[in-house]
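Each chain is listed here by its residues.
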Amino acid sequence: MTFKALLATKDGDKLSTNVVELEDKDLMPGNVTVTVDYSTVNYKDAGALGDYDVIKQFPLIPGIDFAGTVEASSYPGITIGDRVVANGWGLGQTHHGGYAQKARLNGDWLVKIPEPFSTKDAMAIGTAGYTAMLSVLALEHGGITPERGDILVTGANGGVGSLAIALLSNLGYRVVASTGRPEEADYLRELGAAEIIDRRTLSEPGEPVAAERWAGAVDSVGSHTLANVLAQTRYRGVVTACGIAQGHLALKKTRAESRRRTAGLTERR
Ligand SMILES: NC(=O)c1ccc[n+]([C@@H]2O[C@H](COP(=O)([O-])OP(=O)(O)OC[C@H]3O[C@@H](n4cnc5c(N)ncnc54)[C@H](OP(=O)(O)O)[C@@H]3O)[C@@H](O)[C@H]2O)c1
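- Going by the annotation in an unreviewed UniProt entry, the name recorded for the protein chain is Oxidoreductase, with Ferranicluibacter rubi given as the source organism.

Right under this line is the structure:
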């Protein structure tokens, strides 16, 4: 029996992706085989398919997460028919990921999906939602409560940002959303943002210490934005940093430059 997969290959510097037919023997080792129902198009997946050095070995099936139904398992506690979700663990980077009709991986990489969630729900929340929840838990772990004051969410219209707004507002926080897309203000208010600010107020180099404004922040933008958010955070505030949406082009440039230097050194030797 064959199944369809998106396979990324590399010839020299040229990345290609093609839909191919694979067999079970083409999958990597693992003690659980899953029929994949859904996978997200994550920020990292866009980086993988845009050749931002996300995929670490070729050929590889991209897709950093998926949700599906177990079709074979020798892992204790996971049985045929279980609905499961996976993200991280090198999926789509060093291990075949979710952009296929089938996946094989280690059982301890899987989480069973509890009722009433479907596999579709799990992937609608996705790794972005998982990251947003980790950020909210980190704020709570740092002692932040709604009474402490405003929480800033940067990259507000993005995957992490939008889910962080929804989670925080539902927990009773007053959320300030920073965005470069003011035309999406109504959407951000629907998610629960109480106030919307222009991301340009944060994205340029600023003062090392500024007036204290935020009790906490969820930042997925990094770069100057993160530096400014930190400078504006109140005493005993908490800022979670999970991303580099503002800094990814600079990072790509740095990596390309480092590769060029390494190649130059190799030639000279
Ligand atoms: N998604 C995940 O599962 C996950 C997990 C861990 C880490 N991360 C990291 O978190 C970051 C964001 O991921 P995401 O999934 O939320 O991506 P996304 O959906 O592409 O959203 C990123 C948001 O960042 C803002 N942004 C983009 N370019 C910017 C710039 N030059 N300056 C200032 N703001 C900018 C935009 O928000 P506005 O349009 O509202 O301005 C954009 O919507 C990435 O670095 C990613 O690697 C993501």
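## Some words on the packing of aromatic side chains
Then comes step 1: This structure, assessed with the given rule, holds one aromatic pair.
Then comes step 2: Between tryptophan 89 and tryptophan 109 the ring centres are 5.7 Å apart and the planes differ by 5 degrees, which places this aromatic pair in the stacked class. Here tryptophan 89, found in the loop between strand E5 (83-87) and strand E6 (102-105), pairs with tryptophan 109, found in the loop between E6 and strand E7 (111-112); they are 20 residues apart in sequence, far enough to count as distant.
Then comes step 3: Residue classification places tryptophan 89 among the exposed residues on the basis of a relative accessible area of 52%.

## Remarks on the pairing of strand E10 (residues 193-198)
Every regular strand shows the same layout, with side chains that alternate between the two sheet faces.
Then comes step 1: Relative to E10, strand E9 (residues 175-179) runs parallel, the two sharing five bridges. Counted as the bridge partner of serine 178 is isoleucine 197 from E10.
Then comes step 2: Between the parallel pair E9 and E10, the chain is carried across by helix H4 (residues 185-191), and the sense of this crossover is right-handed.

## Describing the sheet that holds E5
Then comes step 1: Ordered by their spatial adjacency, five strands build an open sheet running E6-E3-E4-E5-E7, and the pairing between neighbours is antiparallel. A strand with exactly one partner marks an edge of an open sheet, and here the two such strands are E6 and E7.
Then comes step 2: Relative to strand E4 (residues 65-73), strand E3 (residues 32-38) is paired through six bridges, and the arrangement is antiparallel. Counterpart to valine 32 in the pairing with E4 is serine 73.

## Topic: the site of the ligand
Then comes step 1: By nearness alone, 22 residues border the ligand, and Thr179, Gly180, Arg181, Arg199 and Ile244 come closest of all.
Then comes step 2: In the environment of the ligand, an oxygen atom lies 3.4 Å from a nitrogen or oxygen atom belonging to the backbone of alanine 156.
Then comes step 3: Threonine 179 has a polar side-chain atom sitting 2.6 Å from an oxygen atom of the ligand.
Then comes step 4: Protein chains shield 78% of the accessible area of the ligand, which is 890 Å² for the free molecule.
Then comes step 5: When contributions to the shell around the ligand are tallied by element, the ones reaching two or more residues are helix H2 (119-141) and helix H3 (159-170).
Then comes step 6: It is H2 that contributes the most residues to the shell around the ligand, three residues altogether.
Then comes step 7: Grouping the amino acids of the shell around the ligand by side-chain chemistry returns eight nonpolar, 12 polar and two charged.

## With respect to the nonpolar core
Then comes step 1: By size, the foremost hydrophobic cluster in this structure holds 20 residues, and its most contacted members are Leu139, Ile151, Val153, Ile165 and Leu168.
Then comes step 2: Elements represented by at least two residues in this core include exactly H2, strand E8 (151-153), H3, E9 and strand E11 (214-219).
Then comes step 3: With 13 residues, the next largest nonpolar core counts Val36, Phe66, Ala86 and Trp109 among its residues.

What counts, and at which threshold
Along each chain, residue indices are assigned from 1 in the same order as the chain's sequence is written. Reporting of local features is limited, given that this is a predicted model, to residues whose pLDDT is at least 70; pairs of side-chain atoms are given and counted only at 80 or more, and all residues count toward the totals for whole chains, interfaces and linings. Just so you know, side-chain values use all the structure's heavy atoms and leave hydrogens and water out. Two rings belonging to Phe, Tyr or Trp (six-membered ring only in the last case) form a pair when the distance between their centres is within 6.5 Å. Interplanar angles under 30 degrees mark stacking, angles over 60 mark edge-to-face geometry, and anything in between is tilted. Only DSSP runs of H or I with at least four residues qualify as helices, and only runs of E with at least two residues qualify as strands; both kinds are numbered from the N terminus onward. Residue exposure (1.4 Å probe, protein chains only): buried if accessible area is under 20% of the type maximum, exposed if over 50%, otherwise partly exposed. Strands are labelled as partners when DSSP assigns at least two bridges between them. Think of it like this: strands point away, you trace from the first strand over the helix to the second, and a clockwise trace means the crossover is right-handed. We define proximity as follows: a residue is near a molecule or strand when any one of its heavy atoms falls within 4 Å of that partner. We define a polar contact as two N or O atoms separated by no more than 3.5 Å, with the added condition that, inside protein, one atom must be a possible hydrogen donor and the other a possible acceptor, whereas residues neighbouring each other in sequence contribute only through side-chain atom pairs. Note on areas: these come from Shrake-Rupley sampling with a 1.4 Å probe, and a residue is covered only by the protein chains present in the view. The classification used treats Ala, Val, Leu, Ile, Met, Phe, Trp, Tyr, Cys and Pro as nonpolar, Asp, Glu, Lys and Arg as charged, and all other residues, Gly among them, as polar. We define the nonpolar core as a collection of buried residues of types Ala, Val, Leu, Ile, Met, Phe, Trp, Tyr and Cys that are connected through side-chain atoms lying within 4.5 Å of one another.

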